[in-house]
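A closer look at the structure
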Amino acid sequence: MTDDLHSDDRARALDSADPLAGLRDEFLLPRHGGGEQAYFCGNSLGLQPGGVRAYVEEVLDKWASEAVEGHFTGQAQWMPYHELVRDPLSDVVGAQPCEVVAMNSLTANLHLMMVSFYQPTIERTAILVEAGSFPSDRYAVESQLKYRGLPPAHTLIEVEPDGADGTFSMEAVERAIRVNGKRLALVLWPGVQYRTGQAFDLKEIARIAHEVGALVGFDLAHAVGNLPLQLHDSGADFAVWCHYKYMNAGPGAVAGCFVHERHARTARPRFAGWWGHEQASRFRMGPEFVPTPGADGWQLSNPPILALAPLRASLDLFSRAGMPALRAKSERLTGYLEALIDARLRDTLQVLTPRDPAQRGCQLSLRVTGGRGLSGRDAGRALFEFLGEQGIVGDWREPDVIRISPAPLYNTHADVLRFARAVEQWRSSGA
């Protein structure tokens, strides 16, 4: 069984049976030597869809031939351009179209959302996050507290992991919310924890937080395009994410934002901008801000059209595949990676990500436990650098984690087998 699992025939058979296999040809894979990289870094930057160039050139040609009139004439007009991604994006995140908007960057959107949804009172001043959250989130939260004159030492609650390898049980999350419930203004939680790859039950977290009177926001940077999400049904008040990871919209891509429809016409304060003003009267240039209902009302400036074009190309592929099929393939790919590690690499790699597929996306976070007479961080760095030399691209997170993320849009079982064999080669070559 072990030899069969590790055979080229097995990997080829699995790839031949994959109904989404043709999508790989829709991406531009970086080269290594005479072949292609085995690219497992979609959790950091997704590959370029082949359709991107045509969409970008469409904008460039329109600019060249129509100039300012491109806002109002011809195909893909710029005034409503952001609406071209609205419906497919709402399908990816499980929201109503009016609840999503592509705008700004992730952390900028997080700040905008906290302006509206973190409104401390005398009783409720605290924000709850996970310990070890992505630094940008922590910086944003701490700076919001300081901006309001609230000391983070007393108002920033960091939930410590209670599980092995830095993971969180739902019991620990619920306990932290309920114990601090009377002083909680906001729970800000990840959809997938970036270092461990653990995925969370967003609907349950939102339910518990709302029960104690807190609002709820989610950072979905590592969840959007990775997991089937049901943001509307989750009851979350807001969510933010980026599009340069699993959504393949390019480096520094325009980010995404969700605001639940119950806040579509909220009187909550916000940082306003002209593009968030209702469309019908925007060009009257009046002094009073009248927000567009829904997530569009949080826009500040006109969308960057050239930056939105790559997202259109990626969303075309998500629409063709559908999130259920992508998730099914993701579970097969990551399950295959896990099985190869268990069968041949237990003495070399420790899987930090939960084993339950319901508690993870495509990413496995790995710690190198030994090899070549090394241990700890030295072993991890040595393996990571060896993989790079072999054209196998994952990423490194301090202090000692290698993240390998088989993305179902473009990765194959053969890629996964190539990774496992490279780890075996590294282990044996230095013995």
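Each remark here, short or long, concerns the structure printed above.
Predicted, not measured: the structure shown is a model, and the values here were computed from it. (Residues numbered from 1 in each chain as written. Predicted model: local features only at pLDDT ≥ 70, side-chain atom pairs only at ≥ 80, totals over all residues. Heavy atoms only, no water.)

All right, on to the overall build of the protein chain then. Looking only at helices and strands, the protein chain has 14 helices and 17 strands in total. Compactness check: the protein chain gives a C-alpha radius of gyration of 23 Å against a globular reference of 22 Å for 431 residues, within 12% of the reference. Each principal axis of the C-alpha atoms in the protein chain carries an extent, and together these give about 75 × 60 × 30 Å. In the protein chain, buried positions account for 56% of the 431 residues. Restricting the contact set of the protein chain to residue pairs at least 6 apart, pairs at least 24 apart contribute 70%. Just so you have it, the protein chain exposes about 17,700 Å², and 53% of that area is on carbon and sulfur atoms. Averaging the coordinates of the 43 positive side-chain charges in the protein chain and doing the same for the 52 negative ones gives two points 3 Å apart. (Helix = DSSP H or I, 4+ residues; strand = E, 2+ residues; numbered from the N terminus. Rg over C-alpha atoms; globule rule 2.2 N^0.38 Å. Buried < 20%, exposed > 50% of the residue type's maximum accessible area, 1.4 Å probe, protein only. Contact = heavy atoms within 4.5 Å. Areas by Shrake-Rupley, 256 points an atom, 1.4 Å probe, with all protein chains shown as cover. Lys, Arg positive; Asp, Glu negative; His and termini not counted. Charge placed at Lys NZ, Arg CZ, Asp CG, Glu CD.)

Structurally, Thr 348 is set in the loop between helix 12 (323-344) and strand 13 (349-351). What makes Thr 348 buried here is its relative accessible area of 0%. With 262 residues separating them in the primary sequence, Thr 348 and Arg 86 have C-alpha atoms 45 Å apart. Apart from residues no more than four positions distant in its own chain, Thr 348 is found in contact with Arg 367, Val 368, Thr 369, Gly 370, Val 423, Trp 426 and Arg 427.

For the rest of this paragraph, the subject is the state of the cysteines. The tally for this structure, following the rule as stated, stands at zero disulfides. Cys 362 provides the cysteine sulfur closest to Cys 41, a residue in no disulfide bond, and the two sulfurs are 11 Å apart. With relative accessibility at 8%, the residue Cys 41 sits in the buried group. Counting only cysteine sulfurs, Cys 257 is the nearest neighbor of Cys 98, a cysteine outside any disulfide, at a range of 13 Å. (Disulfide = S-S within 2.5 Å.)

Moving on, we come to the packing of helix 8 (residues 170-179) against helix 9 (residues 202-211). Between helix 8 and helix 9, whose axes approach to 9 Å, the crossing angle comes to 20°. When the axis of helix 8 is compared with that of helix 9, the two are roughly parallel. Helix 9 is crossed by helix 8, and the crossing has right-handed handedness. Of the residues in helix 9, those touching helix 8 at Met 170, Val 173, Glu 174, Ile 177 and Arg 178 are Glu 204, Ile 205, Arg 207, Ile 208, Ala 209 and Glu 211. For the contact of helix 8 with helix 9, a count of residues per class yields six nonpolar, no polar and five charged. (Axes fitted to C-alpha atoms, helices over the stretch in contact; angles between N-to-C directions. Parallel < 35°, antiparallel > 145°, perpendicular 65-115°, else oblique. Left-handed = near helix turned anticlockwise from the far one by under 90°. Nonpolar A, V, L, I, M, F, W, Y, C, P; charged D, E, K, R; others polar.)

Another point: the environment of Ser 234. Relative to the assigned elements, Ser 234 resides in helix 10 (residues 231-234). As a C-alpha pair, Ser 234 and Arg 195 span 39 residues in sequence and 24 Å in three-dimensional space. Leaving out residues up to four positions away in the same chain, Ser 234 has contacts with Lys 203 and Ala 206. For Ser 234, the side chain forms a polar contact with the main-chain oxygen of Leu 231, separated by 2.7 Å. (Polar contact = N/O pair within 3.5 Å; in protein donor to acceptor, adjacent residues only side chain to side chain.)

What follows is about the packing of aromatic side chains. Under the definition given, this model contains twelve aromatic pairs. Relative to Phe 419, the ring of Phe 40 has its centre 6.2 Å away and its plane inclined at 70°; by these criteria the two rings are edge-to-face. Highlighted residues: Phe 40 in the loop between strand 4 (38-39) and strand 5 (48-49) and Phe 419 in helix 14 (residues 413-429), separated in sequence by 379 residues. Judged by relative accessible area, Phe 40 falls into the buried class, the value being 1%. Phe 419 sits in the buried class, given a relative accessible area of 1%. (Phe/Tyr/Trp six-rings, centres within 6.5 Å; stacked < 30°, edge-to-face > 60°.)

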